[in-house]
Amino acid sequence: MLFPIFVAPVIQLILFGYAVTTDIKHISLAILDYDRTHESRRLISSFSQSESFNLDFHLNSYEEIDGLLQKGKIQAAVVIPRKFERNLKKGAQTSLQVISDGTDANSATIIMSYISQLIAKHSENILTETRRKRTVGIVISQPRVWYNPNLKSSVYMIPGVICLILLITTLLLTSMAITKEREMGTLEQLIVSPIKPWELIIGKTIPFVLIGLFDVVLIISAGKLIFDVPVRGSLLFLFGVALLFILTTLSLGLFISTISRTQQQAMITAFFFIMPAMLLSGIFSPIENMPRIIQHITLLNPLRYFSSAVRGILLKGNDISILWPQVLALFIFGIAASVFSSLRFRKYLE
Amino acid sequence: MDGIEVKNLTKKFGQFTAVNRISFAVKKGEIFGFLGPNGAGKSTTIRMLCGIIRPTSGTGSVGGFSIDTQPEEIKKIIGYMSQRFTLYQDLTVEENIDFYGGIHGLSPSTKKERGKWVLKMAGLTGRENSLTRELAGGWKQRLSLGCAILHRPKILFLDEPTASVDPVSRRDFWYLIYQLSEEGTTVFVTSHYMEEVERCHRLAILYSGKIIAEGSPKELKTKFTGSEDSTLEDVFLSAIKKRKKQ
Amino acid sequence: MRNRIIPLMRKEILHILRDPRTLYLAIILPIILLILFGYAITFDVKHIPIGIVDQDNSSLSRDFISRVKGSEYFELLYLSNTSAGLENLLDKGRVKIILVIPHRFSRDLSKGKDTALQLLIDGSDNNMAQISLGYISRIIQIFSSNIIREKLNKQGAILKAGIPPIDVKPRVWYNPDLRSTNFIVPGLTAVVMMILAAMSTSLTIAREWEIGTMEQLIATPAKPYEIIIGKLLPYFFLGIVQISLIILVGTLLFRVPLKGNIFFLFCVSAVFLICGLGIGLLISTITRSQQLAFMLSMLFTFLPSFLLSGFIFPISSMPRIIQFFTYLVPAKYFLIVLRGIFLKGTGLLTLWPEVISLFIFASLILLACARRLKLTLE
């Protein structure tokens, strides 16, 4: 019992927290310099000085790129053409070829954008130098990043992960525990006793509510300690929202136990709910990018509301004035789910 | 040698001694009972004899084979009906029979023939396609026994075979056991039902891992309570009292 | 000696058929995941909501704004002349990035002075933030250099120290349309197989222990290895069905290319399946409780395969320690092989390190199982 309540959530948090990262670092790069001039070497040193890139290979021929990309030794290759420096000095445009491994489309896009940025910066530097000789102004961008100044992906992911772990823990524990009692026959003994059905339901589920809330505290603390996730909003509010969410998951667990004869069935069914809920929650990939129909489907996913609420509270310090839609949705879900499954469970008991 | 012989058999689980130097012998065709409260070591003993677990020390032979060095040979000649008379609930009657027949390596024709016999014995002819889950306790019990004797084992081990079964079914069950015994099958039964063990030819009383009494029901009654009309319960209580005095 | 594996296998198949939920896990779940990942999950970032505050209101600033509007990456949701109510927009999450054009924008530029655009970015989704930064930087850069060029042309200058921008010509190999489906679908095989092989296996064995039928089996002449093979073989076949399904649906419905050798694909899948089945078996020797077996297999097979294998999240971006751990995840190697065969058309010559690693994993796991089984049965 201890394991799923204490250890498992923390392990999950660490796994998710460290692994789930959309930061792109240590991009292994190869450069093919056909020019070999002062300017080309300047460009190369821009790359090697950058923290995002690992300049792993200096190539001699174009054919080498194929093998390296295929083996996955590099993620991108930059080809500096001949006459690079000459063109620059002449004022003619010069083109750099950037070849990226498109198998990981997401990373490829980001890598491209990093490379673009680096080259833009490099261009800007060149501009700055020569500008002193001319009277031309350039546009500089001054970015200020809110909520997550270091653009750490853990800051974005962890709040969502907290929600996910809560879902997994409460759903699995509830559905399996109650089903186990069914399997063992101990549930029948309770039915025969003078306990009223609703007393039975509450008695069976209260422990899991407490466990759920405890896990919320555990994971948020762990998140703060290990990953530096800020807690900018009201914790009390967070608990309230978490409570509503737990109500929904517990009810779902109760429901699953009424349609499962064995623990194995319960687990598989719970898993079936968890997977789509996880993927369509906006935790891993933004809902705004999904096709319209699917976006509408996500409206039925309590995890969606819970994760955006948690994110809002932790990262932006949002309160109920901003998050009332999510709270309302969770409230409706919670009430509906608990009423529905309680009725079903009562019917089963009789 | 189609019986069971056990000398100083011991099983320890870490610090806990479940079975403590027990010795007894069962003749061919005998129905031998192991009586004792829960936790006395009955199931552990039976498991050792069936080759499910290894003894810590002591020797035992089942059907002439050593339980320490020849468990595989033992498994071929015994039948085992475990405590929860474990049939596969989600399989049909026929499928369960088919499975156990296959496991014991029966040829297809033998399997069919014995299968029919088991169905008849269990009274399940015509219900081959019922899910085992749907059978009442008494039927499950007989089916479980049937599956345990499909391969005509020489020695039959029954661990609490009539737990949670109605008295009528229990009586029918024991009728079958007597038949098997008359045909020469040695039967080793554990139980904590006093009146049930009464039906055995001989029995041993197990308490805290030790045998505190052994003999036929009549012998034990005379020895411990002085009267042949007492119940085994009286015997049991008297034996324990004696034990505690020692 | 009659074959005892066949009745054991038949029994297991009956179990699976009688409890269709395992079949759902094996077949329906992959289809659901395929659909979700194929259609719903996309990490492509487009239509980023942006708000612009134009304090300059000149033709130049409007020119810039139209460039932003014209980009497919941004969706201009708010345009205003004052910065009132700015912060609220970001807080509410209505826009992800706010651009502020200062009121001296065109004046400064025409005088030849630098001018600074303020960008306020919602960093909570760092992925989107990074990408937005990149896109906006490019737009600014292009705008910037166009101005310069016009200016310089007006000045009639042929630049000695020319400063045209360095143009970037991107070429994307293996997946020119940058479809994340191509990336995800092959990887899904690994995840789906792990779920089936490890979770189901550990469950089914733990189940027999909990119910008591395992003991019954041990008392029969059936040898332990026969019991195990009989139990695992049906799941192995289900795994093969899975990959066939993914190949079919992936190539036909999602048009994922399959450039490499299919037979090779099946062979490596078989090795991976053995790894998964072995892990499930190992877990079942650690605990006889179904609940614990499930939790353990979730934590140590499903989650690592999903998170640490490079399925969605790039390993190179993880902290060094975690990267070290990924070497212990069989799915990581399998994924490289999968993507290689599907998208790059590579074969044994290139992929032999990963194939050998999978073999080593399978052997080690089976050895561990054998040892543990010996122990637990005594």
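Remember, it's a predicted structure, so these values are computed and weren't measured experimentally.

Chemist: Which parts of the structure should I look at to understand the overall build of chain A?
Modeler: A tally of regular secondary structure across chain A gives 13 helices and five strands. The buried share of chain A, taken over its 350 residues, is 49%. Expressed as a percentage of contacts within chain A between residues at least 6 apart in sequence, the contacts between residues at least 24 apart total 78%.

Chemist: So what exactly am I meant to see when it comes to the overall build of chain B here?
Modeler: A tally of regular secondary structure across chain B gives nine helices and ten strands. With respect to the principal axes defined by its C-alpha atoms, chain B has extents near 55 × 40 × 30 Å. By the burial criterion, 46% of the 246 residues in chain B qualify as buried.

Chemist: How should I be thinking about the pairing of strand 2 (residues 74-80) of chain C in this particular structure?
Modeler: Within a regular strand, side chains alternate between the sheet's two faces. Where strand 1 (residues 48-54) of chain C lies against strand 2 of chain C, six bridges are found, and the strand directions are parallel. Among the inter-strand pairings, C:Gly51 is bridged to a residue of strand 2 of chain C, identified as C:Tyr78.

Chemist: Explain the interface of chain C and chain B to me, please; I cannot follow it from the model alone.
Modeler: Buried accessible area, meaning the area lost when the parts come together, often serves as the stated size of an interface. Contact residues are listed per partner, giving 21 residues for chain C and 20 residues for chain B. Of all the elements in the fold, those that place two or more residues in the side of chain C that touches chain B are helix 1 (5-18) and helix 8 (213-218) of chain C. In terms of residue count, the dominant contributor to the side of chain C that touches chain B is helix 1 of chain C (six residues). Here the side of chain C that touches chain B is built from residues that sort into nine nonpolar, five polar and seven charged.

Chemist: Teacher, can you tell me more about the environment of C:Val185 here?
Modeler: Residue and element names in this part refer to chain C. Take Val185: it is sitting in helix 7 (residues 180-211). In this structure Val185 comes out as buried when scored by C-beta crowding, with 27 C-beta atoms within 10 Å. Residues Val185 and Val249, 64 residues apart in the sequence, show an inter-C-alpha distance of 9.5 Å. If near-sequence neighbours (up to four positions away) are discounted, Val185 is found in contact with Leu34, Phe37, Gly38, Ile246, Gly250, Phe254 and Val256.

Chemist: Even after reading the chapter, I still don't get the environment of A:Thr262, so can you show me in this structure?
Modeler: Residue and element names in this part refer to chain A. Positionally, Thr262 belongs in the loop between helix 9 (235-258) and helix 10 (263-279). Placed 145 residues apart in sequence, Thr262 and Gln117 show a C-alpha to C-alpha distance of 56 Å. If sequence neighbours within four positions are ignored, Thr262 has contacts with Thr179 and Glu183.

Chemist: Could you clarify how one ought to interpret the sheet that holds strand 7 (residues 155-159) of chain B in this entry?
Modeler: Across a sheet, strands are paired by hydrogen bonds formed along the backbone, either parallel or antiparallel in direction. Residue and element names in this part refer to chain B. Within the open sheet, the six strands sit side by side as 6-7-8-3-9-10. Their pairing is mixed. Since the sheet does not close on itself, it has two edges, and those belong to strand 6 (78-81) and strand 10 (210-215), each with one partner. With strand direction ignored, the average angle separating the axes of adjacent strands in the sheet is 15°. Judged from the four bridges that link them, strand 6 and strand 7 form a sheet pairing that is parallel. Of the residues in strand 7, the one forming a bridge with Gly79 is Leu156. Where helix 5 (residues 137-149) meets the sheet, its contacts fall on strand 6 and strand 7, and the angle it forms with strand 6 comes to roughly 160°. Contacting strand 3 (31-35), strand 7 and strand 8 (186-191), helix 6 (residues 167-182) runs over the sheet at an angle of about 145° to strand 8.

Chemist: Looking at this structure, I do not really get the sheet that holds strand 5 (residues 65-66) of chain B. What am I missing?
Modeler: All names here are of chain B. Spatial strand order, 2-1-4-5: four strands in an open sheet with antiparallel pairing. At either end of the open sheet lies a strand with only one pairing partner, and these are strand 2 (16-26) and strand 5. Sheet analysis places strand 4 (residues 57-62) next to strand 5, joined by two bridges and oriented antiparallel. The residue bridging Ser61 from the neighbouring strand is Ser66, located in strand 5.

Chemist: Can you help me understand the arrangement of the chains in this one?
Modeler: By contact count, the leading pair among the two pairs of chains in contact is chains A and C. Between chain A and chain B there is no contact; the minimum C-alpha to C-alpha separation amounts to 11 Å.

Chemist: Help me out: how do you make sense of unusual backbone geometry in this one?
Modeler: For residues besides glycine, phi is generally negative; the peptide bonds are generally trans as well. In this structure, A:Asp228 is a non-glycine residue whose phi angle is positive, near 65°. Structurally, the position occupied by A:Asp228 is in the loop between helix 8 (197-227) and helix 9. The backbone phi angle of B:Asn8 is positive, close to 50°, even though this residue is not glycine. Along the chain, the position of B:Asn8 falls in strand 1 (residues 4-13).

Chemist: Looking at this model, I keep getting lost on the packing of helix 10 of chain A against helix 2 (residues 20-40) of chain C. Mind explaining?
Modeler: Helices that pack against each other are described as a pair by the angle of their axes relative to one another and the distance between those axes. The N-to-C vectors of helix 10 of chain A and helix 2 of chain C enclose an angle of 0°; their axes lie 11 Å apart at closest approach. In terms of orientation, helix 10 of chain A lies roughly parallel with respect to helix 2 of chain C. Counting all contacts with helix 10 of chain A, which are made through A:Gln265, A:Ile268, A:Thr269, A:Phe272, A:Met275, A:Pro276 and A:Leu279, the residues of helix 2 of chain C involved are C:Arg21, C:Thr22, C:Leu25, C:Leu29, C:Ile32, C:Leu33, C:Leu36 and C:Ala40. Among the residues making up the contact of helix 10 of chain A with helix 2 of chain C, the classes are represented as eleven nonpolar, three polar and one charged.

Chemist: Honestly, the nonpolar core in this entry has me stumped. Any pointers?
Modeler: In summary, soluble globular proteins display a tendency toward joint burial of nonpolar side chains. Among the nonpolar cores identified, the biggest contains 215 residues, and B:Phe157, B:Phe188 and C:Phe334 are the most heavily contacted of them. For this core, the leading source of residues is helix 6 (residues 153-184) of chain A, giving 18 residues. With residues near it in sequence (within four places) discarded, B:Phe188 still touches B:Ile4, B:Val26, B:Phe32, B:Ile46, B:Ile155, B:Leu156 and B:Phe157. A:Ile31, A:Phe84, A:Met112 and C:Ile140 belong to the second largest nonpolar core, which has 54 residues in total.

Chemist: Hey, could you run me through helix 11 (residues 290-307) of chain C in this one?
Modeler: Note on helix geometry: an α-helix contains 3.6 residues per turn, so any two residues three or four positions apart are oriented the same way. All names here are of chain C. Between its first and last C-alpha, helix 11 extends 24 Å over 18 residues, near the 26 Å set by a 1.5 Å rise per residue. At Met298, helix 11 shows its strongest bend, of approximately 35°. With 14 of 18 residues buried, helix 11 is to be regarded as a mostly interior element.

Chemist: How should helix 12 (residues 302-316) of chain A be read in this particular structure?
Modeler: Residues and elements named next belong to chain A. The terminal C-alpha atoms of helix 12, which comprises 15 residues, lie 20 Å apart, in line with the 21 Å expected from a rise of 1.5 Å per residue. The buried fraction of helix 12 amounts to 15 of the 15 residues, a majority that puts the element mostly inside the structure. Immediately beyond the C-terminal end of helix 12, within one or two residues, lies Gly317, with a positive phi of roughly 70°.

Chemist: What is the right way to look at the confidence of the model for chain A in this model?
Modeler: Confidence in the prediction of chain A, expressed as mean pLDDT, is 81, and 87% of residues score 70 or more. Mean pLDDT across the elements of chain A ranges from a minimum in strand 5 (residues 139-146) of chain A, with 62, to a maximum in helix 9 of chain A, with 91.

Chemist: Teacher, can you tell me more about the pairing of strand 10 of chain B here?
Modeler: Residue and element names in this part refer to chain B. In the sheet, strand 9 (residues 202-207) pairs with strand 10 via five bridges, with the strands oriented antiparallel. Considered in strand 10, the bridge of Ala204 is made with Glu214. The hairpin formed by strand 9 and strand 10 contains two residues between the paired strands, and Ser208 there has a positive phi angle of roughly 50°.

Chemist: What exactly am I supposed to notice about the confidence of the model for chain B here?
Modeler: Segments scoring low in pLDDT should not have their predicted coordinates read at a detailed level. Per-residue pLDDT for chain B averages 87, and the proportion of residues at 70 or more is 99%. Interface confidence for the predicted complex, given as ipTM, is 0.82, next to a pTM of 0.78.

Chemist: How should the environment of C:Ile240 be read in this particular structure?
Modeler: In this fold, C:Ile240 is placed in helix 9 (residues 224-252). For the pair formed by C:Ile240 and C:Trp352, sequence separation is 112 residues and the distance between their alpha carbons is 21 Å.

Chemist: Even after reading the chapter, I still don't get the packing of helix 3 (residues 93-103) of chain B against helix 5 of chain B, so can you show me in this structure?
Modeler: Residues and elements named next belong to chain B. One way to put it is that helix 3 packs onto helix 5 with a least axis distance of 9 Å and a crossing angle of 25°. By the criterion of interaxial angle, the relationship of helix 3 to helix 5 is roughly parallel. Along this stretch, helix 3 crosses helix 5, giving a crossing that reads as right-handed. Facing Val93, Asn96, Ile97 and Tyr100 of helix 3, the residues of helix 5 in contact are Leu143, Gly146 and Cys147. Taken together, the residues of the contact of helix 3 with helix 5 sort by class into five nonpolar, two polar and no charged.

Criteria and cut-off values
- Residues numbered from 1 in each chain as written.
- Chains lettered and ligands numbered in written order.
- Predicted model: local features only at pLDDT ≥ 70, side-chain atom pairs only at ≥ 80, totals over all residues.
- Helix = DSSP H or I, 4+ residues; strand = E, 2+ residues; numbered from the N terminus.
- Buried ≥ 20, exposed ≤ 12 C-beta atoms within 10 Å, placed from the backbone.
- Contact = placed C-beta atoms within 7 Å.
- Pairing = 2+ DSSP bridges.
- Nonpolar A, V, L, I, M, F, W, Y, C, P; charged D, E, K, R; others polar.
- Axes fitted to C-alpha atoms, helices over the stretch in contact; angles between N-to-C directions.
- Parallel < 35°, antiparallel > 145°, perpendicular 65-115°, else oblique.
- Core = buried A, V, L, I, M, F, W, Y, C linked by C-beta atoms within 7 Å.
- Expected span 1.5 Å × (residues − 1).
- Bend = angle between axes of the 7 residues up to and from the residue.
- pLDDT = per-residue confidence, 0-100.
- Left-handed = near helix turned anticlockwise from the far one by under 90°.

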